[in-house]
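Next come the chains, spelled out residue by residue.
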Amino acid sequence: MLANSCLLWLLAVTFLVPRAKPLTPGDLEEEEGEDEDEESQQPSSTCDYDHCRHLQVPCKELQKAHRCLCPGLTRPEQRPLPPRLGEVSLQAEAGSALVHWCAPASPVHQYWLLLWADGGPPQKSPPFNSTFRRAEVKGLQAGSTYNVCVVAANKAGESQEAKPLAEGLGKGAGGPAFGPCGRFTMPPRPLSLVHAAVGVGTALALLSCSALVWHFCLRDRWGCPRRL
Ligand SMILES: *[C@@H]1O[C@H](CO)[C@@H](O)[C@H](O)[C@H]1NC(C)=O
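Residues numbered from 1 in each chain as written. Predicted model: local features only at pLDDT ≥ 70, side-chain atom pairs only at ≥ 80, totals over all residues. Heavy atoms only, no water.

> Describe in detail the site of the ligand, supporting the description with residues and values.
In the vicinity of the ligand, the residues found are Asn129, Thr131 and Phe132. When the ligand sits alone it has 360 Å² of accessible area, and the protein chains cover 33% of it. (Near = heavy atom within 4 Å. Areas by Shrake-Rupley, 256 points an atom, 1.4 Å probe, with all protein chains shown as cover.)

If you want it as C-alpha cells, here you go:
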C-alpha cells in the first residue's frame, strides 16, 4: 500500500510538475519544439510586412518562418478589396510613369493596371504577381492626361471595377485619392521646354540691347554732359 502511494506520488510529481512549470513567461520561450506547448506559443510580434513595399513576400510566408502576427484578410472566396494607388512618378523624357500601389487586406494572386487617355478605351497591362507594388507604363504622350487604376485579382474574381470609380475622378483633380485609381498629366516634352528657355533668353537679350541702344541714342540726342 505504502509503496503504491509512493509510486503514485512520484508519478504525479514527474508528470504534473513539469506541465505546471511553463506558466512563468520566462520559461515559455525555452519550451519551443514540444508538441504539447503549441497553444502557449502565441506569436507575440507583428510580422515585418509592409503592404506598400515592392516585392513584399506574402505575410503568410513570414508567419510560417517567424511565428509572427499578420494583419487580417478577407476570405479567399471573396473578391479582393481594391488596392490603393500610391505615388505616380512621371518620367517626362522617357514618356513613362512609375505607378506605385499598396496591397488590400485580401488574399491576392495577381495585379494589373488599367490605363486610358481621356475618351480612349482602357488598356490592360500584363499581370504582375502578388509581390509587386509598382509597375512602369510606357509610351505616354507628352502633355496628355491619363487615368490609371490598379486591379487586384484572386480565385474569386477581381477587385471592384475601375469604371464606376473612374467617373468620379474628375472631382479630385490631380493626385491619387484613396482608391485604386488616379489621374495624371504628362509634362510637355523637355525639348519644347528647352525651346521656350532659348526663346525667353533671346527675348531678354533683345530687350537689353534695345535698352542700351535707346540709352545711347538718347544720350547722343541730348548731348553728353562730359563733352560740353
Ligand atoms: C514575382 O516576380 C518576381 C519578379 O519577377 C520574382 O522575383 C518572384 O519570385 C515572383 N514571386 C512569385 C511568388 O511568383
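That was the structure; now back to the text.
> Can you explain the state of the cysteines? Please cite residues and give values.
With the rule as written, the count across this model stands at 4 disulfides. Here Cys47 connects covalently by a disulfide to Cys68, the sulfurs 2.0 Å from one another. Across the S-S bond linking Cys47 and Cys68, the dihedral sits near 95°, which makes this disulfide right-handed. Residue Cys47 is found in the loop between α2 (25–28) and α3 (59–66), and its partner Cys68 is found in the loop between α3 and β1 (84–91); the two are separated by 21 residues along the sequence. Across the disulfide from Cys52 sits Cys102; the S-S distance is 2.0 Å. Measuring the twist about the S-S bond at about 110°, one finds the Cys52-Cys102 disulfide to be right-handed. One end of the pair, Cys52, is in the loop between α2 and α3; the other, Cys102, is in strand β2 (residues 96–102), and 50 residues separate them in sequence. (Disulfide = S-S within 2.5 Å. Helix = DSSP H or I, 4+ residues; strand = E, 2+ residues; numbered from the N terminus.)

> Give a detailed account of the side chain of Ser106, specifying residues and quantitative values.
Structurally, Ser106 can be placed in the loop between β2 and β3 (110–117). Within the structure, Ser106 has its side chain in polar contact with the side chain of Thr74 (distance 2.8 Å). The contacts of Ser106, once residues within four sequence positions are left out, are Leu73, Thr74, Pro80 and Leu81. (Polar contact = N/O pair within 3.5 Å; in protein donor to acceptor, adjacent residues only side chain to side chain. Contact = heavy atoms within 4.5 Å.)

> Describe the pairing of strand β6 (residues 134–137), and please don't skip the residues or the numbers.
Burial along β6 is one-sided: the face carrying Ala135 and Val137 is buried and the face carrying Arg134 and Glu136 is not. Where β2 and β6 come together, 4 bridges link them in antiparallel fashion. When the sheet's bridge partners are listed, His100 is paired in β6 with Arg134. (Buried < 20%, exposed > 50% of the residue type's maximum accessible area, 1.4 Å probe, protein only. Pairing = 2+ DSSP bridges.)

> Go over the pairing of strand β7 (residues 145–154), please, and point to the residues and values.
Within β7, 9 of the 10 residues are buried, which leaves the element mostly enclosed by the surrounding structure. Bridge analysis of β3 against β7 gives 8 bridges, and the strand direction is antiparallel. Opposite Gln110, over in β7, you have Ala153 as the bridge partner. The sheet contact formed by β7 and strand β9 (residues 181–185) spans 5 bridges and is antiparallel. Considered in β9, the bridge of Cys149 is made with Cys181. Where β7 and strand β8 (residues 157–158) come together, 2 bridges link them in antiparallel fashion. Opposite Ala153, over in β8, you have Glu158 as the bridge partner. As consecutive antiparallel partners, β7 and β8 are separated by 2 residues.

> Explain the layout of surface pockets to me, and be specific about the residues and the numbers.
Size it by volume and the largest pocket reaches roughly 600 Å³. What lines the largest pocket is a set of 23 residues, among which Pro58, Leu73, Ser106, Pro107 and Val108 lie closest to the centre. When residues in the lining of the largest pocket are grouped by element, the largest group, 3 residues, is from α3. Looking at the lining of the largest pocket, its residues break down into 13 nonpolar, 7 polar and 3 charged. In this structure, the lining of the largest pocket is formed jointly by two domains, domain 1 (32–72) and domain 2 (84–185), each of which donates at least three residues. (1 Å grid on protein atoms, 1.4 Å probe; cavity = no way out; pocket = protein on both sides within 12 Å on 5 of 7 lines; lining within 4 Å. Points joined across faces, edges and corners; volume = space filled by probe spheres on them. Nonpolar A, V, L, I, M, F, W, Y, C, P; charged D, E, K, R; others polar. Domains from an automatic or database assignment.)

> Which residues make up unusual backbone geometry, and what values do they have?
Located in the positive-phi region is Leu55, a residue other than glycine, with phi close to 55°. Residue position: Leu55 is located in the loop between α2 and α3. Owing to a relative accessible area of 51%, Leu55 belongs among the exposed residues under this scheme. We note that Arg67 has phi near 50°; this positive angle belongs to a residue other than glycine. The exposure class of Arg67 is partly exposed, given its relative accessible area of 45%.

> Summarise the pattern of salt bridges; cite the residues concerned and give the values.
Pairs can form between side chains of opposite charge whenever their charged atoms are close. Tallied over the entire structure, the rule returns 4 salt bridges. One salt bridge connects Arg53 with Asp48, and the closest N-O pair in it is separated by 3.1 Å. Owing to a relative accessible area of 34%, Arg53 belongs among the partly exposed residues under this scheme. Among the residues examined, Asp48 registers a relative accessible area of 56% and is labelled exposed. Across the pair Asp118 and Arg183 runs a salt bridge, and its minimum N-O distance is 2.9 Å. Taken together, the residues Asp118 in the loop between β3 and β4 (123–124) and Arg183 in strand β9 connect sequence positions 65 residues apart. Given a relative accessible area of 44%, Asp118 falls into the partly exposed group. (Salt bridge = Lys/Arg side-chain N within 4 Å of Asp/Glu carboxyl O.)

In short, the description is geometric, and any link to function would need to be established separately.
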